[in-house]
Amino acid sequence: AWAATWSRAGASRAVPHGAVFGGRLGFRIGRTGARANRRVNAKADSAKDDLVDDDLMRRALDMAEDLDDDDAEFDMLDTVEGAIALDEEDGDEDTAVANAVAERMGLSEDDDEASLDLSEDDDDDVIQDDDETDETDDGEMEEGVALLRELFEYGAVDVTEWIELGEDEDVEVSGIADDSRVVLGGDVFVCVAGDTMDGHDFALDAVAAGAVAVVCERPIEGLGVDTPQVVVPSARAALPRLAAAFYGNPSASLTTVGVTGTSGKTTVTHLVRSILDANDTKCGVIGTTGYSLDDVRLTPHGGVWEAEEKDPTEGRVSTAPGWLAPYRGKYEVPNASPDALQCQQLMAGMLDNGARAAAMEVSSTDLIRGRVDCCDFDVAVFTNLSRDHLDVHGDMASYRNAKAELFRRLTDPERQRAVINLDVSAAPEGEEPFDEAAYFAEAAAAVPIVTYATQENKADEADVYVESADLSLFETAVTVRTPLGTFDAITGLVGEVNVSNVAAAVAAGIALEIPLDVIAEGVEAMEPAPGRMELVDEGQPFSVVVDNAHTPASLKRAIESVRGTGANNVITVFGCGGDRDASKRSEMGAVADTYSDIVFVTNDNPRTEDPYKILDDIVAGFRDRIYELEAIKEEALFPFLKDMYLIHPNARHETMKLQNMCRRYVIVDRFYAIRAAIAMAGEDDAVLICGKGHEDYIVVGTKKHWFDDRVEARDALHKIPGVQEAGIDTSNLPWGRRDRAGSGAGNVLDA
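First, a word on scope: everything that follows refers to the structure included in this document. Just so it is clear, the model here is predicted, and its values are computed rather than measured.

## Let's talk about the overall build of the protein
And then number 1: If you tally the helices and strands in the protein, you get 23 helices and 29 strands.
And then number 2: Contacts spanning at least 24 positions in sequence make up 72% of the contacts within the protein whose residues lie at least 6 apart.
And then number 3: Summed over all atoms, the accessible surface of the protein reaches about 31200 Å², with 46% contributed by carbon and sulfur.

Following this line, the structure appears as C-alpha cells:
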C-alpha cells in the first residue's frame, strides 16, 4: 500500500505543440527553417526525371529551374504497379459516410485541394510570359480542378477505351471518389471491385450524386451520353495513379519513411517523428493509432479533424461501474489502413499543413492490396517477423514475401535507403530460425542498407548497435553506437521491447543523414506511441503500463519486457475480443499464467459474444494447472475460476478466497479489474494492462461506448490511496477493513 501523496515524484515531460498551419496543396515545394537534409534535396531533384513528356509541364520546369530555391519544382508520378480502392462495404455506418461527405464539402469550399493545374498565384510566379508578367493564361483552370484526360496522361494510366468522350473533348474534374456514398458534384468515380461488392454496381448511384465521369473495367449499362466512361484494364491499378496525379504526387515532396514488420511499426513511426522533430522537420504520422501532425489529428481524407457533436463525457475523469457512456464527439481511429486514395489525400493534407516528412506504418495487407502504390518512400524500415495474418497470406513464406515488396520498390541508390533489423527472433518449437535479415537485405539489394541490432552476437555486424540498456520501471537509459559515433540517452520509453524500437529509429535517422547530436536529442524527447507500452505515471512507487498486446506472442513479449525492468511482481490485466479468433484465447491464458505473478482475466470488446463465455475460453489455458495444485485441491469443492456474478451468493466468499490463494482472478467488469490490480500493487511492482492499447472505447453488441484503459488507470491511481488511508486492505479481494479480524473480513461492499 502507499500513501495518498505518492512518495516518488512523477516525471514531467514536455508535450510538443504545433505551429500555425499554412500553405496549400499542389506542386509547390516550400522552404522552411528546417536543417539541411541532403535526402530531401536529392528527392526533389530526382522527381524532375519522372515527368511525362508534356510540353506545358516541361516549359514550367525549365522556368522553375531559373528561379530561386523558394520557387516551385515540379513532381510527377513514378511508374508503380497496382492499387486498390475503398470497398463499397467499407465504412458502412451512416455516421461515417455523413462525416466523410461533410468533410469533402468543407474541403471543396475552404481547403483548396491539389490539382494538376496551377493556381493563378503559381502562374504569376512560374508559368507567366516574360513580356506579360501581370496576366495569366486565359485557358488556366481554377485551383482544385483538373482535366480528365490530363489526369490519365500525367498518371500514365493505360486506357482501353474512351466512351462518350471525343478525342478533342475533355471534362473538368474537381475530385476523385471510390465510394458512391461520398461522391460530390464534379467527381470522377472509380469502380473498384471489393471482396463482397463491386463498384461497378454503384456507378449509376455515383452519377446521380454528381459524378461527371466513371472509370471502369467494363462499360456500364444505363449511363447516358453525357457521362464519359473510361475503360481501363484495372480500376484498382488506376486509382492510386489518378489520385497521385490529382493531388500533385505529395509523397515526392515529403521525406517519407515506411515501417513494416509484425510488431513495432506504430512505436517506430512515432520515434522517427521525434527524431525528425528534433531536426526541425515537421513530420506527420499515418498508422493504427490515427493520423496526426503535431498535436492536430487528421481525418482519413486529409482534413483537420474537428468534433461535429458534443462529447457527453467531456470533463469526466472516468466511467462508472456498470455504466456504458455514449461514444460521441470523439476522434475515431479507423479500423483499417487508409486505401490508395486516402494515402494520397493524407499526404497532401499533411503537405498543405506544413509537413516536410511523413512516417507511415506499412502492413503486408497494404502492400498486396496496393494501398501504398504511388507512395514514394525514401526509407523503408524492417522491424521483425513472427506468425500473424496467416488467414490472409496462408503461410509464413507468403507473408514474408508480401512484407519484402516494400524493399523491392527501393530502386534509387542516390536517395533511398533500407533499414533492417539483424536480431534473430525466436522460432516456434521444433523449427530453425529463419534468416529474416538476409532475406530482406536481398529484397533491398538495389539501395544502401543501414542495419541495427541489440543482440550481442550481432554487435560486429550492425551499423547501429545498442551497447547497453539500463531498464527501470519509469525510463530507459541507452548507449548507442552508430557510424557517426556513440551517444548516451535517457528516454521515457519503458520495457526491453522498446530498446529495439529505439535502435530502429536511430538507424532511420542515420539513413536520413541527420546529425548525431540531433538524433540523440530526438531519442531523449521520445514519448511512447499511444497505447504502446505507454506508462501511466502519477508519481506512484510502481509502474502502470498500457499496451495493445492482443496475441499470444505479443502478450508474452509485453510481460517479459516489463519483467526486464526489474519489477518485483508483474500483475497482468487482459481479455480477448469477441467475434474474433477464438483459438488464441486459451493460449493467451496460458501465456499470462506462465509469465505473470498475478493475473486478472477480464472483458475486452465482447461485441456480440457472451463475455462470460470468452472469459471461460481464456481460463481454459490454465484451469487444469490451478485445479491440480495441492493447496487448491484440499480447499476447492467447486469450479471457482469464474466471475462472481456466476457464483451462488453463498459461495462467493469461498470463491474469492480460492482466487486469492492462486492469485488468478476472473472479473468481467474491466472497470473493477483495473482498479483491483492497481490496488494490489506494491512498491516496485508493475501493472500491465493489455489488449486495448490506444482504444478509447469498448464494443458491446454492435455499439461503441467510451472506455479508455489509460483514463481508468489514472483515475484509480488518484483515488485508491485515499481508500487505503481510510484503513481498507486492498491486497486481496474483496477489499476489507484492516481493523476487523480475518482475511477479507468486513467486505467494504457490505459496510
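## Description of the packing of aromatic side chains
And then number 1: With the rule as written, the count across this model stands at 11 aromatic pairs.
And then number 2: An angle of 75° between the planes, with centres 5.7 Å apart, marks the rings of Tyr327 and Tyr697 as edge-to-face. In this pair, Tyr327 is assigned in the loop between strand E12 (325–326) and helix H9 (340–352) and Tyr697 in strand E26 (residues 697–700), connecting sequence segments 370 residues apart.
And then number 3: When its relative accessible area of 9% is taken as the criterion, Tyr697 is described as buried.
And then number 4: On the numbers, 5.6 Å between centres and 75° between planes, the contact of Phe407 with Phe440 is edge-to-face. You can see Phe407 sitting in helix H12 (residues 396–408) and its partner Phe440 sitting in helix H13 (residues 436–443), a full 33 residues away along the chain.

## Topic: helix H7 (residues 235–246)
And then number 1: A rise of 1.5 Å per residue sets the reference length of H7, with its 12 residues, at 16 Å; its end C-alpha atoms lie 16 Å apart and thus fit the reference within 8%.
And then number 2: Burial within H7 is extensive, with 10 of its 12 residues counted as buried.
And then number 3: Among all positions in H7, only Ala235, Ala238, Leu239, Pro240, Arg241, Leu242, Ala243, Ala244, Ala245 and Phe246 are buried.
And then number 4: The N-terminus of H7 is capped by Ser234, whose side-chain oxygen sits 3.4 Å from the backbone nitrogen of Arg236.

## Remarks on the pattern of salt bridges
And then number 1: Scanning all chains against the criterion turns up 36 salt bridges.
And then number 2: Between Glu309 and Arg328 there is a salt bridge, and its shortest N-O distance comes to 3.9 Å. Of this pair, Glu309 sits in the loop between strand E11 (296–298) and E12 while Arg328 is found in the loop between E12 and H9, placing the two residues 19 residues apart along the sequence.
And then number 3: By relative accessible area, Glu309 is classed as partly exposed at 43%.
And then number 4: Between Arg408 and Glu405 there is a salt bridge; the shortest N-O distance is 3.5 Å. On the criterion of helical spacing, the pair formed by Arg408 and Glu405 is a turn pair, its members being three residues apart in helix H12.
And then number 5: Salt bridges here are not isolated pairs; linked through shared partners, they connect Asp373, Glu405, Arg408 and Arg409.

## Considering the sheet that holds strand E24 (residues 664–666)
And then number 1: Ordered by their spatial adjacency, six strands build an open sheet running E20-E21-E25-E22-E23-E24, and the pairing between neighbours is mixed. Each edge of the open sheet is held by one strand with a lone partner, namely strand E20 (534–535) and E24.
And then number 2: When strand E21 (residues 543–547) meets strand E25 (residues 686–690), the two strands line up parallel, connected through five bridges. Pairing of Asp547 across the sheet is with Cys690, part of E25.

## Some words on the side chain of Asp412
And then number 1: Residue position: Asp412 is located in the loop between H12 and strand E15 (417–421).
And then number 2: Asp412 sits in the buried class, given a relative accessible area of 19%.

## A look at the sheet that holds E26
And then number 1: Across the sheet, three strands lie side by side as E12-E27-E26; this open sheet has antiparallel pairing. Looking at which strands have only one partner, the edges of the open sheet turn out to be E12 and E26.

## Considering the pairing of strand E5 (residues 187–190)
And then number 1: A two-sided burial pattern is seen for E5, the buried positions comprising Asp187 and Phe189 on one face and Val188 and Val190 on the other.
And then number 2: Pairing geometry for E5 and strand E6 (residues 213–216), over three bridges, is parallel. Bridge assignment links Val188 to a residue of E6, and that residue is Ala213.
And then number 3: Following the chain from E5 across helix H6 (residues 203–208) to the adjacent parallel E6, one finds a crossover that is right-handed.

## Here we look at unusual backbone geometry
Most peptide bonds adopt trans geometry, and most residues besides glycine take a negative phi value.
And then number 1: In this chain, Leu733 is followed by Pro734 through a cis amide linkage whose omega measures -10°.
And then number 2: Tracing the sequence through the fold places Pro734 in the loop between strand E28 (728–729) and strand E29 (736–737).
And then number 3: We note that Met533 has phi near 45°; this positive angle belongs to a residue other than glycine.
And then number 4: By the element assignment, Met533 lies in the loop between helix H15 (516–524) and E20.
And then number 5: Backbone geometry at Asp579 places phi at a positive 60°, although glycine is not the residue there.
And then number 6: With respect to the helices and strands, the residue Asp579 is situated in the loop between strand E22 (570–574) and helix H17 (585–595).

Conventions adopted
- Residues numbered from 1 in each chain as written.
- Predicted model: local features only at pLDDT ≥ 70, side-chain atom pairs only at ≥ 80, totals over all residues.
- Heavy atoms only, no water.
- Helix = DSSP H or I, 4+ residues; strand = E, 2+ residues; numbered from the N terminus.
- Contact = heavy atoms within 4.5 Å.
- Areas by Shrake-Rupley, 256 points an atom, 1.4 Å probe, with all protein chains shown as cover.
- Phe/Tyr/Trp six-rings, centres within 6.5 Å; stacked < 30°, edge-to-face > 60°.
- Buried < 20%, exposed > 50% of the residue type's maximum accessible area, 1.4 Å probe, protein only.
- Expected span 1.5 Å × (residues − 1).
- Polar contact = N/O pair within 3.5 Å; in protein donor to acceptor, adjacent residues only side chain to side chain.
- Salt bridge = Lys/Arg side-chain N within 4 Å of Asp/Glu carboxyl O.
- Pairing = 2+ DSSP bridges.
- Right-handed = clockwise from strand over helix to strand, strands pointing away.

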